[in-house]
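Reading the structure
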Amino acid sequence: MLAWLLCCLNAHAQSPSPDLLHTVLGELGQHTAIRAAFIQQRRNPALTQPQESHGQLLFVTGHGMLWQVQQPYQETLALTGSRTLRIDASGHPQTVRNERGVSQISQMLQSMLAGQLDAVMRQFNVSADGTAAQWSLHFTPRQARVAQVLQEIQLDGGAFLHGIRIDMRDGTQTDIRMTDTRDAGPLSAPEKQALGLP
């Protein structure tokens, strides 16, 4: 599932390219609300074929994300802070059991897209490579219990985030590719309601 990221350099953070990291975060932080189409592929060693889904996402700085799967089934999830809600066809929210790892990744990505860094650096080692026009960020967990489950998260992009890859210790890999990423424009009433906006 989704995964989201945070980070900010401090005396204990090790990054081979701090200037690039700050440049990337500054660029991402300029966009307070974005929309994008996504294709998500999930590979599991127990399955011969990857599971693929398509949909749309909406991210609003400080409020969270709407994750709308359109194929092969329809589902809308609202990820706000540490909570995940399923939005039914009539717009009513239902609490979803949220695995701790999913919650951590979601919060991390939300902060990352908001151009923030300090919270993630407490939980992840971060390295950056590439250029401001084409970059990759790599996140590896600091906490041993998280590292037993999660191997690495990789983000790549340019002016916008283009992709997220999550590698788990059990060999499961989730790859999310984003296209048609753009500033969101006005939000609809149901979108505002789902994200708790006035």
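The name given to the protein in an unreviewed UniProt entry is Outer membrane lipoprotein carrier protein LolA, with Dyella jejuensis as the source organism.

Pairing in this open sheet of 11 strands is antiparallel, and the strands run β6-β5-β4-β3-β2-β1-β11-β10-β9-β8-β7 from one edge to the other. The open sheet has two free edges, formed respectively by β6 (93-95) and β7 (124-130), since each of these has just one partner strand. Taking each pair of neighbouring strands and ignoring which way they run, the sheet shows an average axis angle of 20°. Pairing between strand β3 (residues 64-71) and strand β4 (residues 75-80): five bridges, direction antiparallel. For Val 69, the partnering residue across the bridge sits in β4 and is Glu 75.

Time to look at unusual backbone geometry. Look at the link from Gln 71 to Pro 72: it is a cis peptide, with omega at 5°. Looking at where Pro 72 falls in the secondary structure, it is placed in the loop between β3 and β4. A positive phi angle is found at Asp 180, which is not glycine, with a value near 50°. Relative to the assigned elements, Asp 180 resides in strand β11 (residues 173-183). You can call Asp 180 exposed: its relative accessible area is 53%.

Let us look at the confidence of the model for the protein. Averaged over every residue, the pLDDT of the protein is 80; residues scoring 70 or more account for 82%. Within the protein, helix α2 (residues 100-113) has the poorest average pLDDT of any element, 66, and strand β1 (residues 33-43) the best, 93. A low-confidence stretch, residues 1-16 stays under pLDDT 50, and its non-local contacts, those more than four residues away or across chains, total 85 contacts.

Calculation criteria
Residues numbered from 1 in each chain as written. Predicted model: local features only at pLDDT ≥ 70, side-chain atom pairs only at ≥ 80, totals over all residues. Heavy atoms only, no water. Pairing = 2+ DSSP bridges. Helix = DSSP H or I, 4+ residues; strand = E, 2+ residues; numbered from the N terminus. Axes fitted to C-alpha atoms, helices over the stretch in contact; angles between N-to-C directions. Buried < 20%, exposed > 50% of the residue type's maximum accessible area, 1.4 Å probe, protein only. pLDDT = per-residue confidence, 0-100. Contact = heavy atoms within 4.5 Å.

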